[in-house]
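Spelled out, the chains give:
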Amino acid sequence: MITASSQPAPPPPALPAPTYSVRSARAEDAAELAELSRPFVRSGALRERSVPLYAAQAADFLVAQAPGGPIEGSVGLRVYPAAPGEGRGPVGVLYNFCVAGHRQGSGVGAGLLRAALAMAHARSLGALFAATTGGGGLFLRYGFAPTTTRRAPSAWVRTLDPRRNARILTKSL
């Protein structure tokens, strides 16, 4: 004879806690940031930046890092004030967004993007812009949409390399 058990169903598996934390970069992270970006530079997805440039711009960057481990992802957020006559407030540009190959698909990029969005909100930015040579799937999942360079900060647009054929995305905040 078979009897049914009245034991409750097991709880669903808990989502694993992130194995990294997101923090602001420091000037001493510059060599590691350059190393992290190197595969993306070789593929044409990112522009090469020197270690001294990373050190000088460290305040722009958020990094994802496992406890006691290497930096596994980074994103820069540069603020552009409204230009005279543009009729808008300050906006931000996300740049040099990269995640180590072995961490792609693990949530590191999403964690960095959420932190960058929180930082942009805290700074009262009106919008964020990004340029990507890829599909931009992560950006699109977080509400970014394709746009034209006309809506982006002109000082940033002048720095874009037209040979890279980057897709411009934006998100209103």
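Residues numbered from 1 in each chain as written. Predicted model: local features only at pLDDT ≥ 70, side-chain atom pairs only at ≥ 80, totals over all residues. Heavy atoms only, no water.

Chemist: Describe the sheet that holds strand E7 (residues 167-172), listing the residues and the values that go with them.
Modeler: In spatial order, the strands read E1-E2-E3-E4-E5-E7-E6; together these 7 strands make up an open sheet with mixed pairing. Single-partner strands in this sheet number two, and they are strand E1 (21-24) and strand E6 (145-146). Of the strand pairs in this sheet, E1 and strand E2 (residues 61-65) are connected by 4 bridges, and their pairing is antiparallel. Along E2, the bridge assignment pairs Val22 with Ala64. On top of the sheet, helix H1 (residues 30-43) reaches E2, strand E3 (71-80) and strand E4 (91-99); it is set at about 95 degrees to E3, its chief contact. (Pairing = 2+ DSSP bridges. Helix = DSSP H or I, 4+ residues; strand = E, 2+ residues; numbered from the N terminus. Contact = heavy atoms within 4.5 Å. Axes fitted to C-alpha atoms, helices over the stretch in contact; angles between N-to-C directions.)

Chemist: Quick rundown of the layout of surface pockets? Include the residues and the values.
Modeler: Where empty space is left becomes clear once a probe the size of a water molecule has been rolled over the atoms. Its volume calculated, the largest pocket comes out at about 930 Å³. Looking at the largest pocket, it is lined by 40 residues, and the ones nearest its centre are Leu46, Asn96, Phe97, Cys98 and Ala131. Elements represented by at least two residues in the lining of the largest pocket include exactly E3, E4, helix H3 (108-122), strand E5 (127-132) and helix H4 (137-141). Ranked by the residues each element gives to the lining of the largest pocket, the list is headed by E4, at 7 residues. In the lining of the largest pocket, the residues fall into 19 nonpolar, 14 polar and 7 charged. (1 Å grid on protein atoms, 1.4 Å probe; cavity = no way out; pocket = protein on both sides within 12 Å on 5 of 7 lines; lining within 4 Å. Points joined across faces, edges and corners; volume = space filled by probe spheres on them. Nonpolar A, V, L, I, M, F, W, Y, C, P; charged D, E, K, R; others polar.)

Chemist: Just give me the short version of the pairing of E7, but keep the residues and values in it.
Modeler: Where E5 and E7 come together, 6 bridges link them in antiparallel fashion. Each residue of the ladder has a partner; that of Ala131, found in E7, is Ile168. Sheet topology places E6 next to E7; 2 bridges connect them, and they run antiparallel. Residue pairing in the sheet places Ala145 in a bridge with Thr170 of E7.

Chemist: Give me H3: which residues, what numbers.
Modeler: With 15 residues, H3 should reach 21 Å at 1.5 Å per residue; the first-to-last C-alpha distance of 21 Å fits that figure. Taken together, the buried positions of H3 are occupied by Val108, Gly109, Ala110, Gly111, Leu112, Leu113, Ala116, Leu117, Met119 and Ala120. Immediately beyond the C-terminal end of H3, within one or two residues, lies Ser124, with a positive phi of roughly 60 degrees. (Expected span 1.5 Å × (residues − 1). Buried < 20%, exposed > 50% of the residue type's maximum accessible area, 1.4 Å probe, protein only.)

Chemist: How would you explain the pattern of salt bridges if you had to name every residue and give the values?
Modeler: On inspection of all chains with the given rule, the structure shows 6 salt bridges. The closest approach of N and O atoms between Glu72 and Arg103, which form a salt bridge, is 3.0 Å. Within this pair, whereas Glu72 is found in strand E3, its partner Arg103 is found in the loop between E4 and H3, the two being separated by 31 residues in sequence. Across the pair, exposure class does not vary: Glu72 and Arg103 are buried alike. (Salt bridge = Lys/Arg side-chain N within 4 Å of Asp/Glu carboxyl O.)

So, to be careful, I would describe these as geometric facts and stop short of saying anything about function.
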